[in-house]
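A structural walkthrough
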Amino acid sequence: SRSVNLLITGADGLGSGIRTMAVGNGNLDCENASYQPYLESYRWLLPVGEIEHQVTVCVKDGAGRTGQASASITLDSLPPQGEFSMPGSLERDGQIYVSTSTISVVTTLSVGEVPGENRVGIVIDGDECSQAAYGALGALEPIQVELNGDGAHWITVCLQDRAGHVTPISQR
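Presented here is a report on the structure given in the accompanying data block. (Residues numbered from 1 in each chain as written. Predicted model: local features only at pLDDT ≥ 70, side-chain atom pairs only at ≥ 80, totals over all residues. Heavy atoms only, no water.)

The next thing to look at is the pairing of strand β11 (residues 119-124). Bridging between β11 and strand β12 (residues 133-136) involves 4 bridges; their strand directions are antiparallel. Each residue of the ladder has a partner; that of Arg119, found in β12, is Ala136. Pairing of β11 with strand β14 (residues 155-160) involves 6 bridges; the strand directions are antiparallel. Within the sheet, the bridge partner assigned to Val120 lies in β14 and is Leu159. (Pairing = 2+ DSSP bridges. Helix = DSSP H or I, 4+ residues; strand = E, 2+ residues; numbered from the N terminus.)

A word on the nonpolar core. Of all hydrophobic cores here, the largest spans 13 residues; its most connected members are Leu6, Ile8, Val23, Tyr42 and Trp44. If you list the elements that add at least two residues to this core, you get β1 (3-7), β2 (18-25), β4 (41-45) and β5 (52-61). When residues no more than four places from it in sequence are discounted, the contact partners of Trp44 are Arg2, Ser3, Val4, Leu6, Val23, Gly24, Asn25 and Val55. Formed by 10 residues, the second largest nonpolar core is a distinct cluster that contains Met86, Ile122, Leu159 and Ile169. (Core = buried A, V, L, I, M, F, W, Y, C linked by side-chain atoms within 4.5 Å. Buried < 20%, exposed > 50% of the residue type's maximum accessible area, 1.4 Å probe, protein only. Contact = heavy atoms within 4.5 Å.)

Bringing the pattern of salt bridges into the picture now. Enumeration over the complete set of coordinates arrives at 1 salt bridge. Between Asp61 and Arg65 there is a salt bridge, with the nearest N and O atoms lying 3.0 Å from each other. On the basis of relative accessible area, Asp61 is assigned to the buried category, the value being 7%. (Salt bridge = Lys/Arg side-chain N within 4 Å of Asp/Glu carboxyl O.)

Everything listed is a geometric property; what it means functionally is a separate question.
Quick look at the structure:
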């Protein structure tokens, strides 16, 4: 959601107390800002865009002195997207065949996701990402997976972004 709750705290140290505040996206000129009564909790709507946004708060005390603070908030409302492949495997009739019990899984992310800020988990013969053991997802680094026993297995790769969104990708 683009709506965030700002918790605004502070003190002027001289006893006149914080009286008013102004909130804005990006840089805010405290001298010319439009002020409203001070609130410790304030709902704010971030601009559109799955990017890092800067929110600035100006406060004014009873004597007219101003103070300013900024914070960066990264909006991430979309789950990660990507795919995986198994180098050295053979695909036929929608099935992937491998000749060894140790395989390499290579994952890729779609545009907008940042390698190093995402995690990957792998589930063998299941599709519940909550069962996966997660590790860091690097750019095109293969992950070694051990298959137990001969026969058919299916692999679910679970991509998790910094915001905690999870996307399962299965190959049966």
